[in-house]
Amino acid sequence: MKLSAGASLAGRKILITGAARGIGAVLARQLHARGAAVALLGLEPDLLADVAADCGDAPWRYCDVGDQAQVERVVRTLVAELGGLDVVVANAGIARQFPLLGGEAAVLEEMLAVNVLGVYYTLRATGPHVAHPGGYVLLVSSLAGAVHLPLAGAYSVTKAGVEVLGNTLRHEIRHTGAKVGIAYFAELDTDMTSRGFGTAAARAILGRATVSGVAPLGPAIDTLERAILRRRRQVVSPWWVAGVLPFRGIAQRVIDLALRHGVEQAVEIARTERAGFTTDQPPRTRKIERSA
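Residues numbered from 1 in each chain as written. Predicted model: local features only at pLDDT ≥ 70, side-chain atom pairs only at ≥ 80, totals over all residues. Heavy atoms only, no water.

1. Structural notes on the sheet that holds strand β2 (residues 37–42)
Strand order in the open sheet made by the seven strands is β3-β2-β1-β4-β5-β6-β7, with parallel pairing throughout. What marks the edges here is a single partner per strand, and that holds for β3 (60–62) and β7 (234–237). Each neighbouring strand pair of the sheet contributes to a mean axis angle of 15°, computed without reference to strand direction. Taken together, the five bridges between strand β5 (residues 136–140) and strand β6 (residues 179–185) define a ladder with parallel strand orientation. Directly across from Val140, in β6, lies its bridge partner Ala183. Docked against the sheet, helix α1 (residues 22–33) engages β1 (13–17), β2, β4 (87–90) and β6, running at close to 165° with respect to β1. (Pairing = 2+ DSSP bridges. Helix = DSSP H or I, 4+ residues; strand = E, 2+ residues; numbered from the N terminus. Axes fitted to C-alpha atoms, helices over the stretch in contact; angles between N-to-C directions. Contact = heavy atoms within 4.5 Å.)

2. Points about the pattern of salt bridges
What the rule picks out here adds up to eight salt bridges. The residue Glu163 makes a salt bridge to Arg248 at a minimum N-O spacing of 3.1 Å. Taken as a pair, Glu163 in helix α5 (residues 153–173) and Arg248 in helix α10 (residues 248–258) lie far apart in primary sequence, 85 residues in all. Residue classification places Glu163 among the buried positions, given a relative accessible area of 11%. (Salt bridge = Lys/Arg side-chain N within 4 Å of Asp/Glu carboxyl O. Buried < 20%, exposed > 50% of the residue type's maximum accessible area, 1.4 Å probe, protein only.)

3. Quick notes on the nonpolar core
Counting 37 residues, the largest nonpolar core has Leu15, Leu41, Val71, Met111, Val137 and Leu139 as its most contacted members. Of all the secondary structure elements, the ones that give two or more residues to this core are β2, α3 (68–82), β4, α4 (105–130), β5 and α5. No other element matches α4, which puts eight residues into this core. Residue contacts for Val137: discarding those within four places in its chain leaves Val88, Leu123, Val130, Leu169, Ile173, Lys179, Val180 and Gly181. In terms of nonpolar packing, the next biggest core, distinct from the first, is built from 36 residues, Val87, Leu138, Ala215 and Ile228 among them. (Core = buried A, V, L, I, M, F, W, Y, C linked by side-chain atoms within 4.5 Å.)

4. Focus on α4
Quick reminder: α-helices carry 3.6 residues per turn. Residues three or four places apart thus point the same way. Compared with the 38 Å implied by 1.5 Å per residue over 26 residues, the 35 Å span of α4 between its first and last C-alpha is a close match. Of all bends in α4, the biggest is about 35°, found at Leu117. (Expected span 1.5 Å × (residues − 1). Bend = angle between axes of the 7 residues up to and from the residue.)

5. What to know about the side chain of Asn91
Counting through the fold element by element, Asn91 comes out in the loop between β4 and α4. Judged by its relative accessible area of 12%, Asn91 is buried. A polar contact of 3.0 Å, which involves the side chain of Asn91, links it to the backbone oxygen of Gly18. The contact partners of Asn91, leaving out residues within four places of it in the chain, are Thr17, Gly18, Ile23, Gly24 and Val140. (Polar contact = N/O pair within 3.5 Å; in protein donor to acceptor, adjacent residues only side chain to side chain.)

Here it is in C-alpha cells:
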C-alpha cells in the first residue's frame, strides 16, 4: 500500500544489515520505538542479541553479507519471521586505510566483498520482497563515494559502487511501485570513523582526527527515519553534504589542494602500519583468486 502524507512507521517491516552497532544498531532501536517491526543481521552475535532485546526481542541472525548463500538463507528466514518485508536498509560496510601502491590487494578484495558484493547480495535476496507499492530500499553509501581522499581509495571505490547499484536498481524496480534511496554521510560519531581515521598515517596527512570534523550520530539517524517514512531518493548528514554532491568535481579539486602536504609520508607509514578493518571479518574465499 502506498504511503500517504500522514503515514506512520507503525507496523512497517524493516530489515537492517550491519545492525550490531553504529548506525545500524541506533537506527534499529529508533525504528522500533516508532512502532516498526525490525529484523537484524550482522557479524557480532552478542551485540546483535542486545540490540534485538532492546527492539522487543526482534528476530536476528549472524550473517556475513559477503557470503551469498548465507545472505539468501538468512533473509528468507527473517522475512518469514517478520511476515513480509517493506523496507531493507543495506547498511553493512567496512573500511581500512589502503595505499594503492604497496598496499595489500586482499584489503581491497575484502572491502569489495562486503561493501559492494554484500550490498548486491542483500538487494538480490530482499528485492523480490520489497518490490511492491510502498516498498523501499535504502543503501548506505558515503560522501567518500563522491569525493576521494588519499589512503581511502578502496573505501571510496566501494561506496561509489553502492551509489551505482542504487541508481540502477531505481530504474529496474520503478514499475513495481518500490523506491530506492541512497544515503551519503560525512564523518559521523561511530566506530567506523574513529577506527578508520585513528591511524598514524591519517594523522600525517590531516594533523588531526578527521577531514571535516566528526558530526553527531543522532541527526543522521533522524534523517534516516524520515527517509524511510517518506521513501526519499537522497539522504545526507550533516546537512552540508547536500551542497557538496552536485559539485563533486569542484569539491575534489579543493581536497586535492588542501591535502597536498604529508601524503608521501602517510603512504610510507600506511604500507607498514598494522591497521585493521573497522569490523573484524570472518575468513572467506577470495573471489578474485583463480586456480592456475
